2 protein chains.
Amino acid sequence: MDQLPVSPLKPRMLATLEPVTGLKLATGNSGTRYKGRDDVTLAIFPAGTTVAGVFTKSKCPGAPVDWSRKAVQNGTARALLVNAGNANAFTGAVGAAACQTTAQAVAAAVGCAVDDVLLSSTGVIGEPLEADAISAAATVLAAQAAEQSLEGAAKAIMTTDTFPKWAVAKAGDVTVTGICKGSGMIAPDMATMLGYIMIDAPLPAEWLQSTLTDVAEKTFNSITVDSDTSTSDTVLAFALGGGDAPGDLQAVGAAIFEVCDQLAEMLARDGEGASKLITIDVEGAQTDASAKTIGLSIANSPLVKTAVAGQDANWGRVVMAVGKAGEPADRDRLCIWFGPHRVAENGLRDPAYDEETVSAYMQGDEITIRVELGLAAGQARVRTCDLTHGYITINGDYRS
Amino acid sequence: MDQLPVSPLKPRMLATLEPVTGLKLATGNSGTRYKGRDDVTLAIFPAGTTVAGVFTKSKCPGAPVDWSRKAVQNGTARALLVNAGNANAFTGAVGAAACQTTAQAVAAAVGCAVDDVLLSSTGVIGEPLEADAISAAATVLAAQAAEQSLEGAAKAIMTTDTFPKWAVAKAGDVTVTGICKGSGMIAPDMATMLGYIMIDAPLPAEWLQSTLTDVAEKTFNSITVDSDTSTSDTVLAFALGGGDAPGDLQAVGAAIFEVCDQLAEMLARDGEGASKLITIDVEGAQTDASAKTIGLSIANSPLVKTAVAGQDANWGRVVMAVGKAGEPADRDRLCIWFGPHRVAENGLRDPAYDEETVSAYMQGDEITIRVELGLAAGQARVRTCDLTHGYITINGDYRS
């Protein structure tokens, strides 16, 4: 496929990326699939780095997901190897062996235990990974690795992404830096996405894991592009740095949330074919979980997504999507807003609804749909993008 | 919107429609939304007619669904009124009152109890139904009603359908005739679809209800166009005719299944923008229910549907959809066929897989995807259509 045009929803400004203290990085070309760009990334962490991970809930995960899910168990990490172009998924015993081979090569080059090596792969499914080429590249990268910003890594992990994604947040002296990739096959349980969060402070692995799990639920697991869940989804958080643990863990947790939230929004902004970012706020549900289910039902509805693409405040389709979610809802209490404009009130078209004003709002490229259920206090925010001809072209026209 | 081109998947031949003994029909134009076509249908049943119904599981159903769900409780029916163009959904107390008004008009004109009147509406959501105009039309139709085939009714209930849908099956002397409509917002729990099954024999209402429930689960509830569930979905079965009950109820049940199965396939064939009919056969699942969940996960995957549109036997996306279903599956036992061609075997690309042969198969307009899980004996068939630019144009471009 030709190079895709950059998403019109790309954020106008990204944070300035500084090197993460203690983190050594190198990127290169593995000679496997992509030409003329880096497609393999090696990160080397100082001794004492703790790690946490959240992975796809797919029942058919890729081999590197199996590997990394196991490798995070000990709570420590010394290296991360990511390749783009081949997901090493649905590759059977050969795929598991490829993980073993590449992890051993990294461990030998870095001088660490093999179970302190994390692996991620993204790209086509069902093709055997060229483990020797990736291993050779990793060995070269280990010799080149140096302290530098994550910008090169953010670019080397891209597949169909149209822009690299990173975010930074501070909690006192602690800096949280994150990068991620993902564009299609994006759905709860983390999309075809890889995300890496670096924290330049020592943190207990258990705290890091429970924080990452909570944060992922509200960020990466609350976006959807097309409801399809990748076999390779992985988010890893690394806490580097010796010295004292930060005093204010809550502030660090907030910074991790901030970074993941920004990255998740960027994934929706780079959704395949996206012309509008859609934020869905569900309020007044029975529980937060119920609100999220309803939010995802709206966000995954092709009829809602095509209506937004068509700049139509079609609240009938929103009602439909609320109804099909199967969660408690009272038709006659529903209120629906597009941006600041209430279009439906207590189960009826809002009599004050002015179609012209709402139509003007729908021409913007950031649309908020707010649904008030009027039952209890459950709430959730879900982000998605519209469904356009661009999505069909990217995913259906590649053979024609 | 302009008249849509007829689906290329329209069946080449439909059964010959004969009048149903005892059934009086009339169709007309209500003057409410559609011009130059019939949009309101009245069916009058002989005394002693039994009825069964299956309805949308939406938590926000339309008022006529509330009405008919209650009206089928007594097991008897004397009249059915259907209007196309306005769904009378999300219309609050006004919508319920509109049902009362129109049902009373029908009951007065036909000379029956008001709770023997069934109602269906399909069309836009959120607009008050013009109950007086519909009632007036019903009164005129009651005077005109005569024994005739269901062809006119099959046309008068259409909305975005590109062809009328009917099917006929025999069980000895008993004839089962069905009509339905539906094209978009088609998903399990019956799509934006209305379906009416007429049986020219007396049948106990309880038997009819349990048979219809079972049959709907495997037919109308096993198709999907876009995963969106309408607020108005309704299937009603009517058993007309005095005389003796049929001796072989099992054969009648089989004929009801046959009619519903054909109608369900026609709905998928008329899916918005469809260029290919996709039949998904899941075998070897833990249970039939598990097989159906996996089948629907494949059928609802935008990535699978766009791949089929692109004539690509992309089994990686099928693996992804199996994995995201959340049902028991063993990656390393999965086998996948496109038509007669096995492309994946025991979790790996089939070494004998010949891309050219499979590509030729993918150019046909009826594609079968078979997934063998290798776990137990659960199986299901799910039907859908591909996802094309046509779907986006129909659902997203109407304002542009």
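Being a predicted model, the structure only gives us computed values, none of them experimental.

Draft legend 1. Summary view of the overall build of chain A. If you tally the helices and strands in chain A, you get eleven helices and 16 strands. In terms of overall size, chain A behaves like a compact globule, its C-alpha atoms giving a radius of gyration of 22 Å where 400 residues would be expected to give roughly 21 Å. By residue count, 62% of the 400 residues in chain A fall in the buried class. In chain A, the proportion of contacts linking residues at least 24 apart, taken out of those at least 6 apart, comes to 80%.

Draft legend 2. Seen up close, the nonpolar core. Residues Ile199(A), Val322(A), Ile199(B) and Val322(B) are the most contacted members of the largest nonpolar core, which totals 274 residues. In this structure, Ile199(B) is in contact with Val174(B), Val176(B), Ala237(B), Phe238(B), Ala239(B), Leu240(B) and Val252(B), ignoring residues within four places of it in sequence.

Draft legend 3. Region of the structure containing the sheet that holds strand 10 (residues 234-239) of chain B. All names here are of chain B. Within the open sheet, the five strands sit side by side as 3-10-9-8-7. Their pairing is mixed. Of all the strands in the sheet, just strand 3 (50-55) and strand 7 (165-171) have a single pairing partner and so form its edges. Within this sheet the neighbouring strands show an average axis-to-axis angle of 15°, counted without direction. Here strand 3 runs beside strand 10; their pairing, made up of six bridges, is antiparallel. What sits directly across from Thr 50, in strand 10, is Ala 239. Strands strand 3 and strand 10 of the sheet are contacted by helix 5 (residues 205-218), whose axis makes an angle of about 30° with strand 3. Each of strand 7, strand 8 (174-181), strand 9 (194-199) and strand 10 touches helix 6 (residues 249-269); the most contacted strand, strand 7, lies at about 160° to it.

Draft legend 4. Fine view of the interface of chain A and chain B. With 49 residues of chain A in contact, the opposing surface of chain B contributes 49 residues. Residue assignment for the side of chain A that touches chain B shows that the elements contributing at least two residues are helix 8 (302-309), helix 9 (315-324), strand 14 (348-349) and helix 11 (389-396) of chain A. Ranked by residue count, the leading element in the side of chain A that touches chain B is helix 9 of chain A, at seven residues. Among the residues forming the side of chain A that touches chain B, the class breakdown is 18 nonpolar, 21 polar and ten charged.

Draft legend 5. Up close: the pairing of strand 5 (residues 117-124) of chain B. Residues and elements named next belong to chain B. Here strand 5 lies mainly inside the structure; seven of its eight residues are buried. In the sheet, strand 4 (residues 79-86) pairs with strand 5 via eight bridges, with the strands oriented parallel. What sits directly across from Val 82, in strand 5, is Ser 120. Of the crossover connections in this fold, the one passing from strand 4 over helix 2 (residues 92-110) to the parallel strand 5 is right-handed.

Draft legend 6. Expanded view of the confidence of the model for chain A. The pLDDT averaged across chain A works out to 90; a share of 95% of its residues lies at or above 70. Of the two predicted TM-score estimates for the complex, the pTM is 0.84 and the ipTM is 0.79.

Draft legend 7. How the structure looks around the pairing of strand 3 of chain B. With six of its six residues buried, strand 3 of chain B lies for the most part within the structure. Going residue by residue along strand 3 of chain B, you find Thr50(B), Ala52(B) and Val54(B) tucked away on one face and Val51(B), Gly53(B) and Phe55(B) tucked away on the opposite face as well.

How each quantity is defined
- Residues numbered from 1 in each chain as written.
- Chains lettered and ligands numbered in written order.
- Predicted model: local features only at pLDDT ≥ 70, side-chain atom pairs only at ≥ 80, totals over all residues.
- Helix = DSSP H or I, 4+ residues; strand = E, 2+ residues; numbered from the N terminus.
- Rg over C-alpha atoms; globule rule 2.2 N^0.38 Å.
- Buried ≥ 20, exposed ≤ 12 C-beta atoms within 10 Å, placed from the backbone.
- Contact = placed C-beta atoms within 7 Å.
- Core = buried A, V, L, I, M, F, W, Y, C linked by C-beta atoms within 7 Å.
- Pairing = 2+ DSSP bridges.
- Axes fitted to C-alpha atoms, helices over the stretch in contact; angles between N-to-C directions.
- Nonpolar A, V, L, I, M, F, W, Y, C, P; charged D, E, K, R; others polar.
- Right-handed = clockwise from strand over helix to strand, strands pointing away.
- pLDDT = per-residue confidence, 0-100.

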